[in-house]
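Now for the letters of each chain:
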Amino acid sequence: MKKKILVVEDEKTLCLLYEEELSREGYDITAVTDAEAALARLAQESFDLIVTDIRMPGKNGIELITQIMGLRKDIPIIINSAYQSYKEDFMTWAADAYVVKSSSLDELKSKIKQLLGD
Amino acid sequence: MSELRKDLISGRWVIIATERSKRPDDFRPSGATSPAPEAPGFCPFCEGSETKTPPEVYALRAPGTPPDSPGWTVRVVPNKFPALTPGPPPPRASRGVYQSMEGRGVHEVVIENPDHALELGDLPAGHIRDVLRVFQLRIKAIERELHYQYVQIFKNKGKEAGASLSHPHSQIVATPIVPKRVKEEIYGADHLYRTFKECSFCRILREEEAAGSRIIAKNPEFTAFAPYASRFPFEMTVMPKRHSAFFTDVREDELGPLAEILKDVLTRLKKTVNDPPFNMVLHQAPNPSLSAKDWPELHLKSHWHFEIIPILTKVAGFEWGTGFYINPVPPETGAEFLRQS
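Because the structure is a prediction, the values reported are computed rather than measured.

Thresholds applied
Residues numbered from 1 in each chain as written. Chains lettered and ligands numbered in written order. Predicted model: local features only at pLDDT ≥ 70, side-chain atom pairs only at ≥ 80, totals over all residues. Heavy atoms only, no water. Pairing = 2+ DSSP bridges. Helix = DSSP H or I, 4+ residues; strand = E, 2+ residues; numbered from the N terminus. Axes fitted to C-alpha atoms, helices over the stretch in contact; angles between N-to-C directions. Contact = heavy atoms within 4.5 Å. Buried area = accessible area lost by both parts, 1.4 Å probe. Salt bridge = Lys/Arg side-chain N within 4 Å of Asp/Glu carboxyl O. Polar contact = N/O pair within 3.5 Å; in protein donor to acceptor, adjacent residues only side chain to side chain. Nonpolar A, V, L, I, M, F, W, Y, C, P; charged D, E, K, R; others polar. Buried < 20%, exposed > 50% of the residue type's maximum accessible area, 1.4 Å probe, protein only. Right-handed = clockwise from strand over helix to strand, strands pointing away. Parallel < 35°, antiparallel > 145°, perpendicular 65-115°, else oblique. Core = buried A, V, L, I, M, F, W, Y, C linked by side-chain atoms within 4.5 Å. Phe/Tyr/Trp six-rings, centres within 6.5 Å; stacked < 30°, edge-to-face > 60°.

*Asks:* Just give me the short version of the sheet that holds strand S1 (residues 3-6) of chain B, but keep the residues and values in it.
*Replies:* All names here are of chain B. One open sheet accounts for three strands, arranged S1-S2-S15; its pairing is mixed. The sheet terminates laterally at S1 and strand S15 (325-327), the two strands that pair on one side only. Here the average twist between neighbouring strands, direction ignored, is 30°.

*Asks:* Go over the environment of Phe90(A), please, and point to the residues and values.
*Replies:* Residue position: Phe90(A) is located in the loop between strand S4 (77-81) and strand S5 (97-100). Along the primary structure Phe90(A) and Ile62(A) are separated by 28 residues, whereas in three dimensions their C-alpha atoms are 9.8 Å apart. Sequence-distant contacts of Phe90(A), that is, excluding residues within four places in its chain, are made with Pro44(B), Phe45(B), Asn79(B), Val109(B), Ser164(B), Leu165(B), His169(B) and Gln171(B).

*Asks:* Give a description of the interface of chain B and chain A that names residues and reports values.
*Replies:* Taken together, the contact between chain B and chain A spans 20 residues of the former and 16 residues of the latter. By the criterion of area lost to chain A, the three top residues of chain B are Phe42(B), Lys52(B) and Phe81(B), representing 47% of everything that side buries. At the junction of chain B and chain A, the tally comes to one salt bridge. Linking Lys52(B) and Asp96(A) is a salt bridge whose minimum nitrogen-to-oxygen distance equals 3.4 Å. On the surface where chain B and chain A come into contact, there are six residue pairs in polar contact (both at pLDDT 80 or more). Every element with two or more residues in the side of chain B that touches chain A is listed here: strand S4 (72-78) and strand S9 (169-175) of chain B. Each residue belonging to the side of chain B that touches chain A can be placed in one class, and the counts come to nine nonpolar, eight polar and three charged.

*Asks:* Lay out the pairing of strand S1 (residues 4-8) of chain A in plain terms, naming residues and giving numbers.
*Replies:* Residues in a regular strand project their side chains so that they alternate between the two faces of the sheet. Residues and elements named next belong to chain A. In terms of burial, S1 is a largely internal element, five of the five residues being buried. The two faces of S1 match: Lys4, Leu6 and Val8 on one face and Ile5 and Val7 on the other face are all buried. Where the polypeptide runs from S1 across helix H1 (residues 12-24) and back to strand S2 (residues 28-32), its parallel neighbour, the crossover connection is right-handed. With four bridges joining them, S1 and strand S3 (residues 49-52) adopt parallel strand pairing. If you follow Val7 over to S3, its bridge partner there is Val51.

*Asks:* Run through the packing of helix H4 (residues 252-272) of chain B against helix H8 (residues 331-340) of chain B, naming residues and quoting values.
*Replies:* All names here are of chain B. It is the contact of H4 with H8, at a shortest axis distance of 8 Å, that shows an interaxial angle of 100°. Comparing their axes, H8 and H4 come out roughly perpendicular. Of the residues in H8, those touching H4 at Arg268, Leu269 and Thr272 are Phe337, Leu338 and Arg339. Looking at the contact of H4 with H8 residue by residue, the classes come out as three nonpolar, one polar and two charged.

*Asks:* Which residues make up the pattern of salt bridges, and what values do they have?
*Replies:* Here the structure, examined in full by the defined rule, presents 42 salt bridges over all chains. Across the pair Glu45(A) and Lys4(A) runs a salt bridge whose closest N-O atoms are separated by 2.7 Å. You can see Glu45(A) sitting in the loop between helix H2 (35-44) and S3 and its partner Lys4(A) sitting in strand S1, a full 41 residues away along the chain. For Glu45(A), a relative accessible area of 23% puts it in the partly exposed group. In this structure, Asp68(B) engages Arg75(B) in a salt bridge whose closest nitrogen and oxygen atoms are separated by 2.7 Å. Accessibility expressed as a relative area gives 27% for Asp68(B), which makes it partly exposed. Each of Glu20(A), Glu21(A), Arg24(A), Glu25(A), Lys109(A) and Lys113(A) takes part in salt bridges that share partners, so that together they form one network.

*Asks:* Account for the nonpolar core, naming residues and giving values.
*Replies:* Among the nonpolar cores identified, the biggest contains 49 residues, and Leu132(B), Phe234(B), Val238(B), Phe247(B), Leu258(B), Phe306(B) and Ile308(B) are the most heavily contacted of them. When sequence neighbours within four positions are dropped, the list of residues in contact with Val238(B) reads Thr223(B), Ala224(B), Leu258(B), Ile261(B), Leu262(B), Val265(B), His305(B), Phe306(B) and Ile308(B). Core analysis: the next-biggest nonpolar cluster, separate from the first, contains 36 residues, Tyr86(A), Trp93(A), Phe42(B) and Val109(B) among them.

*Asks:* Just give me the short version of helix H3 (residues 61-71) of chain A, but keep the residues and values in it.
*Replies:* Residues and elements named next belong to chain A. Restricting attention to buried positions, one finds in H3 the residues Gly61, Ile62, Leu64, Ile65, Thr66, Ile68 and Met69. Residues of H3 that are buried in the fold lie against S1, H2, S3 and S4. The opening residue of H3, the one whose side-chain oxygen lies 2.9 Å from the backbone nitrogen of Ile62, is Asn60.

*Asks:* Lay out the side chain of Glu307(B) with the relevant residues and their values.
*Replies:* All names here are of chain B. Mapped onto the fold, Glu307 is located in strand S14 (residues 305-310). Taking relative accessible area as the criterion, Glu307 reaches 13% and is therefore assigned buried. One polar contact links Glu307 to His283, side chain to side chain, over a distance of 3.4 Å. Excluding its chain neighbours within four sequence positions, the residues that come into contact with Glu307 are Arg231, Glu235, Met236, Asn279, Met280, Val281 and His283.

*Asks:* Quick rundown of the packing of aromatic side chains? Include the residues and the values.
*Replies:* All names here are of chain B. Scanning all chains against the criterion turns up 11 aromatic pairs over all chains. Measuring from centroid to centroid gives 5.3 Å for Phe232 and Tyr325, while their planes differ by 70°, and the two rings are edge-to-face. With Phe232 in the loop between strand S11 (222-225) and strand S12 (236-240) and Tyr325 in strand S15, this pair connects stretches of sequence that are 93 residues apart. Residue Phe232 is classed as buried on the basis of its relative accessible area, which comes to 11%. The exposure class assigned to Tyr325 is buried, which follows from its relative accessible area of 14%.

*Asks:* Can you explain the environment of Ser213(B)? Please cite residues and give values.
*Replies:* Residue and element names in this part refer to chain B. With respect to the helices, strands and loops of the structure, Ser213 is situated in the loop between helix H3 (200-211) and strand S10 (215-218). For Ser213, a relative accessible area of 28% puts it in the partly exposed group. Taking the C-alpha atoms as reference points, Ser213 and Glu332, separated by 119 residues in sequence, lie 5.5 Å from one another. Once residues within four sequence positions are removed from consideration, Ser213 is found in contact with Glu332, Ala335 and Arg339.

Right, dumping it as structure tokens:
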């Protein structure tokens, strides 16, 4: 069975890119554009891994992962932000990896494989 | 009228704005201290979250408890997403007139206790002594094994002081170069040593003891005082009476009195200015093996101490442009309020 990944990314073009690229790697991708939608999906179904942006309208990615940790701590989380500076926030430690966005998804794919044990 | 005061070691001038002198109440934030924003959910530093941190490099823990599990009292972990990565000191590269090097260094977090809400000054003196002993052990290990030139220990308490997490913690950052501000202190102390024929910090301590007006607390081993040219309201220095350049030289029998005076001044600060955000910074000489070679007799001239800087005013354009600071509370007044609390 395909492993399920929840992608939280407010830029719709990036959502499409992640859906296409990560589906090609054999994952079942659900992409949502804000934290509230992510929490709603998490309440409905289980995921094997979460990839989240930080800077998003409404609740940001750090608030989202903090809230997820309050619910369950066993889902691996990857922060995928354009900004290095959030690394200074120790709440990012709730995540298992921090990947800075780049034109290539190689590092993100590699971290996903590593965290899912593929 | 205001007064200009010169800091003896750094040569930095400060404007003590006595005519607009303020009382502790003027700095009290409205309402209670802001609550921990992350408290309702999850904290990576709390007991039970050990799997969310990198493996511990050191911990004081109950006998029989395995590493990275509950049962610890002080825990040291590497930064999970560090800006500097450990490794051999890198060579410098040149790009035209500019210099650079690989971002090598050590960045560790000392989680001071498992309880999210218990600040350093709230802990029993015995526990503070354990935290100080852990600082010493990590400094020794980093200096011995990794040969970094300078090990900085600091604590940011409160969001305004740079803390992203309210769970009490300190940080250790080791750099492959001696930072500029540390060098300035070394050069200042070196110059004054030749003038005074003794350690300038020992001289300051003697003058402060004689004047008395800036003393905040003391015990037979340590003195806490408001520096003569304090940059910030209620700024404090905690200094050992026994001359010593390196924090790692603090003896086992001195750690207890150090913990007691730190607890004392942090409690006074909390009471006087309603638990303000602050930075606590260790000043000490660079790695002894390197300083012996590059700065002969530094052990005679440098004198370790803690600096505690409450964040009650903003550093703005004038300070950035000139290096001058404007302090609206004369240190004598600040010390008096702290003594009376």
